[in-house]
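Chain by chain, the residues run as shown.
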Amino acid sequence: MKIVIPDDYQDCVRRLDTFNQLEGHDVTIYHDTLTDLDALSARFQNAEALVLIRERTPITAALLKRLPNLKVISQTGGGAAHVNMEACRRHGVTVMAGTGSPYAAAELTWGLVLAAMRHIPSEVENLKAGRWQRTLGTGLKGRTLGIFGYGKIGSLVARYGQAFEMNVLVWGREGTRQRATDAGLEVAESQTDFFQRADVLSLHLRLNDDTRGIVSAESLAQMKPTALLVNTSRSQLVAPGALEQALKAGRPGQAALDVFDAEPVLGNSLLALPNLVATPHLGYVEKDSYELYFGDAFSNLLAYIDGQPVTNLAS
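A brief look at the structure comes next. Being a predicted model, the structure only gives us computed values, none of them experimental.

### Some details on the overall build of the chain
Now for step 1: Each helix and strand counted, the chain has 11 helices and 12 strands in total.
Now for step 2: A compact globule built from 315 residues should have a C-alpha radius of gyration of about 20 Å, and the chain, at 21 Å, falls within 12% of that.
Now for step 3: Its C-alpha atoms put the chain at 55 × 50 × 35 Å along the principal axes.
Now for step 4: Counting every position in the chain, which comprises 315 residues, the buried fraction comes to 47%.
Now for step 5: Pairs at least 24 apart in sequence give 63% of the contacts found in the chain among residues at least 6 apart.
Now for step 6: Accessible area for the chain stands at about 15400 Å²; split by element, carbon and sulfur atoms hold 49% of it.

Okay, structure coming up:
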């Protein structure tokens, strides 16, 4: 089968152990992200199968209309919100999803917390430039860690906070609040209470119609001038433009991001702010996670090719 894998930024997929599963197939790998419809349709024109790396390339109705050879999409991870499922059904394209792991994203989240609170990136640059100790960091012990969304990743980050002797405060939907209560954690009285009290506030919500823009300018203005907002989930959880204006106003005092509205980031005024620590969407970009994600995606694809019943359909 002719298989195309787009968006392999580091050229790492062919070096994975699990890549051997595709031996004997015609595999083409691209290392950049295209957004132009004509360019994308030309690139995917001969593809019978696409293996997508998370949400890096949206599969739209307009694109599918131009891909007459496409039979199947095998998604890394469990989400497929970037794929127009109705258009896939109309064009007879099967879409399969796999599983994921919360650990890499949770670990990256905690790395950003430590980096921002102790000013690690700026002090690294200071040292390289011959400058010695220019900032005063903030410790975590005894401070309040706010977890917005107590799911698989949020619960791990909460445990990391407890290991650092932080007070964990949780907010989210009713299910989140109940799970947190069952785990013996404190639940905020309201979203306002949550934003006002957190010293470190970390977002761990799925992006959907209910959560898009759930962090408003008003919510950010309620945060302490010493607080840190961390977002390793989805950029669109924050209202458009709200975070940049909030950081300029000093509430919260700083932010740490791994996600952006448009990726890859080719230019973003947020990156110029001195009170921002940012990484290029590294949350799941880790060797063990990739072996898991691509192992599932390749196994699902091979089962489809072999005519086995498709049980891992994306929804």
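Further notes follow.
### Remarks on the nonpolar core
Now for step 1: Among the nonpolar cores identified, the biggest contains 27 residues, and Phe-148, Phe-194, Leu-201, Leu-203, Leu-220, Leu-229 and Leu-243 are the most heavily contacted of them.
Now for step 2: Mapped onto this core, the elements with two or more residues apiece are strand 7 (167-171), helix 8 (191-197), strand 9 (200-203), helix 10 (242-249) and strand 11 (254-257).
Now for step 3: Looking at this core, the element that brings in the most residues is helix 10, giving 4 residues.
Now for step 4: Among residues more than four places away in sequence, those in contact with Leu-203 are Phe-148, Val-215, Leu-229, Val-230, Asn-231, Thr-232, Ser-233, Leu-237 and Val-238.
Now for step 5: By size, the runner-up hydrophobic cluster in this structure holds 26 residues, among which are Leu-108, Ile-147, Ala-180 and Ala-256.

### Some words on the side chain of His-204
Now for step 1: Relative to the elements of secondary structure, His-204 occurs in the loop between strand 9 and helix 9 (217-221).
Now for step 2: Within the structure, His-204 has its side chain in polar contact with the side chain of Ser-202 (distance 2.7 Å).
Now for step 3: Residues in contact with His-204, not counting those within four places in the same chain, are Thr-109, Ile-147, Phe-148, Gly-149, Ile-153, Gly-154, Val-157, Thr-232 and Ser-233.

### So, the side chain of Arg-54
Now for step 1: When you line up the elements, Arg-54 lands in the loop between strand 3 (49-52) and helix 2 (61-64).
Now for step 2: Apart from the residues within four sequence positions on either side, Arg-54 is in contact with Gln-75, Thr-76, His-82, Arg-234, Tyr-284 and Tyr-293.

### Overview of the environment of Asp-288
Now for step 1: With respect to the element layout, Asp-288 can be found in helix 11 (residues 287-305).
Now for step 2: Expressed as a C-alpha distance, the spacing of Asp-288 and Tyr-103, which sit 185 residues apart in the sequence, is 9.7 Å.

### Concerning helix 4 (residues 103-117)
Now for step 1: Taking 1.5 Å of rise per residue, the 15 residues of helix 4 would be expected to cover 21 Å, and the 21 Å separating its terminal C-alpha atoms lies within 8% of that figure.
Now for step 2: Buried residues dominate helix 4, accounting for 11 of its 15 residues.
Now for step 3: What helix 4 keeps buried is the set Ala-104, Ala-105, Ala-106, Leu-108, Thr-109, Trp-110, Leu-112, Val-113, Ala-115, Ala-116 and Met-117.
Now for step 4: His-119, located one to two residues past helix 4, shows a positive phi value of around 55 degrees.

### Observations concerning the sheet that holds strand 1 (residues 2-5)
Now for step 1: The 5 strands lie next to each other as 2-1-3-4-5, forming an open sheet whose pairing is parallel. Across the chains shown, the open sheet's two edge strands, defined by having one partner strand only, are strand 2 (26-29) and strand 5 (94-96). Sheet twist, expressed as the average angle between the axes of neighbouring strands with direction ignored, equals 20 degrees.
Now for step 2: Taken strand by strand, helix 11 contacts strand 1, strand 3, strand 4 (72-75) and strand 5, and its axis lies near 155 degrees from that of strand 4.

### Looking at the packing of aromatic side chains
For any pair of aromatic rings, the description rests on two quantities: the centre-to-centre distance and the angle between the ring planes.
Now for step 1: Within the structure shown, the criterion is met by 10 aromatic pairs.
Now for step 2: Note on Tyr-284 and Tyr-290: the rings are 6.3 Å apart at their centroids and 15 degrees apart in plane angle, and the pair reads as stacked. Side by side, Tyr-284 and Tyr-290 carry an identical accessibility label, which is buried.
Now for step 3: With 5.6 Å between their ring centres and 45 degrees between their planes, Phe-294 and Phe-298 make a pair best called tilted. Of this pair, Phe-294 and Phe-298 both sit in helix 11, 4 residues apart, which is roughly one turn of the helix. Of the two residues, Phe-294 and Phe-298, neither departs from the other in class, the shared state being buried.

### Some thoughts on the environment of Asn-208
Now for step 1: Mapped onto the fold, Asn-208 is located in the loop between strand 9 and helix 9.
Now for step 2: Once the C-alpha coordinates of Asn-208 and Ala-198 are considered, the two residues, 10 residues apart in sequence, prove to be 24 Å apart.
Now for step 3: A polar atom in the side chain of Asn-208 sits 2.9 Å from the backbone nitrogen of Asp-210.

Criteria and cut-off values
Residues numbered from 1 in each chain as written. Predicted model: local features only at pLDDT ≥ 70, side-chain atom pairs only at ≥ 80, totals over all residues. Heavy atoms only, no water. Helix = DSSP H or I, 4+ residues; strand = E, 2+ residues; numbered from the N terminus. Rg over C-alpha atoms; globule rule 2.2 N^0.38 Å. Buried < 20%, exposed > 50% of the residue type's maximum accessible area, 1.4 Å probe, protein only. Contact = heavy atoms within 4.5 Å. Areas by Shrake-Rupley, 256 points an atom, 1.4 Å probe, with all protein chains shown as cover. Core = buried A, V, L, I, M, F, W, Y, C linked by side-chain atoms within 4.5 Å. Polar contact = N/O pair within 3.5 Å; in protein donor to acceptor, adjacent residues only side chain to side chain. Expected span 1.5 Å × (residues − 1). Pairing = 2+ DSSP bridges. Axes fitted to C-alpha atoms, helices over the stretch in contact; angles between N-to-C directions. Phe/Tyr/Trp six-rings, centres within 6.5 Å; stacked < 30°, edge-to-face > 60°.

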